[in-house]
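If you want the building blocks of each chain, they are given just below.
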Amino acid sequence: MTEMLSPTPGMFWHRPDPDSEAFCKPGDTVEVGQQIGVVEVMKMFAPIEAEFAGVFTGYAVDNGAQVDAGQVIATFEVP
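Quick caveat, the model's predicted, so the values are computed rather than measured.

## Details of the overall build of the chain
A count of helices and strands for the chain gives zero helices and eight strands. Ordered by position from N to C terminus, the α and β elements of the chain give β-β-β-β-β-β-β-β. For the chain, the C-alpha radius of gyration of 11 Å lies close to 12 Å, the compact-globule estimate for 79 residues. Dimensions of the chain, computed from C-alpha atoms along their principal axes, come out at roughly 35 × 30 × 20 Å. A burial count over the chain gives 34% of its 79 residues as buried. Put simply, of all contacts in the chain between residues at least 6 apart along the chain, 61% involve residues at least 24 apart. For the chain, the accessible surface area stands at approximately 4600 Å², while carbon and sulfur atoms represent 55% of it.

## Some details on the UniProt feature "domain: Lipoyl-binding" (unreviewed entry) in the chain
Here, the residues flagged by UniProt with the feature "domain: Lipoyl-binding" (unreviewed entry) are residues 1-77. Secondary structure content for residues 1-77 is 0% helix and 49% strand, while the C-alpha to C-alpha distance between its ends is 5 Å.

## Re the side chain of His 14
For His 14, the location among the structural elements is in the loop between β2 (10-13) and β3 (29-30). At 2.8 Å, the side chain of His 14 forms a polar contact with the backbone oxygen of Val 61. Those residues in contact with His 14, other than ones at most four positions away along the chain, are Ala 22, Phe 23, Ile 36, Tyr 59, Val 61, Asp 62 and Asn 63.

## Some points on the pairing of strand β5 (residues 44-49)
Here six bridges tie strand β4 (residues 35-41) to β5, and the two strands are oriented antiparallel to one another. Its bridge partner lying in β5, Gln 35 is registered against Glu 49. Between β4 and β5, which pair antiparallel in sequence order, lie two residues; one of them, Met 42, sits at a positive phi of approximately 50°.

## So, the environment of Val 55
By the secondary structure assignment, Val 55 is in strand β6 (residues 54-59). Expressed as a C-alpha distance, the spacing of Val 55 and Thr 75, which sit 20 residues apart in the sequence, is 8.7 Å. What Val 55 contacts, discounting residues up to four positions off in sequence, is Gly 27, Asp 28, Thr 75, Phe 76 and Glu 77.

The rules behind these values
- Residues numbered from 1 in each chain as written.
- Predicted model: local features only at pLDDT ≥ 70, side-chain atom pairs only at ≥ 80, totals over all residues.
- Heavy atoms only, no water.
- Helix = DSSP H or I, 4+ residues; strand = E, 2+ residues; numbered from the N terminus.
- Rg over C-alpha atoms; globule rule 2.2 N^0.38 Å.
- Buried < 20%, exposed > 50% of the residue type's maximum accessible area, 1.4 Å probe, protein only.
- Contact = heavy atoms within 4.5 Å.
- Areas by Shrake-Rupley, 256 points an atom, 1.4 Å probe, with all protein chains shown as cover.
- UniProt positions renumbered as here; feature names shortened; annotations may be inferred.
- Polar contact = N/O pair within 3.5 Å; in protein donor to acceptor, adjacent residues only side chain to side chain.
- Pairing = 2+ DSSP bridges.

Structure (structure tokens):
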């Protein structure tokens, strides 16, 4: 299992807006650079992109959770 860390502190969102599906679901195949979430800092939204190609296994934090820089936000199975 490979962990992806938040690059900055802020609110971590699984989806682009409240009415949309999550960027990823467990079992999805993801590519490097694919958007998996958003970190909101002072009403600025920074896309979070996968650093690994592999299978997304899940988010490590709840949608809308406060995260710290370096905190695990998602996990992947990487070949």
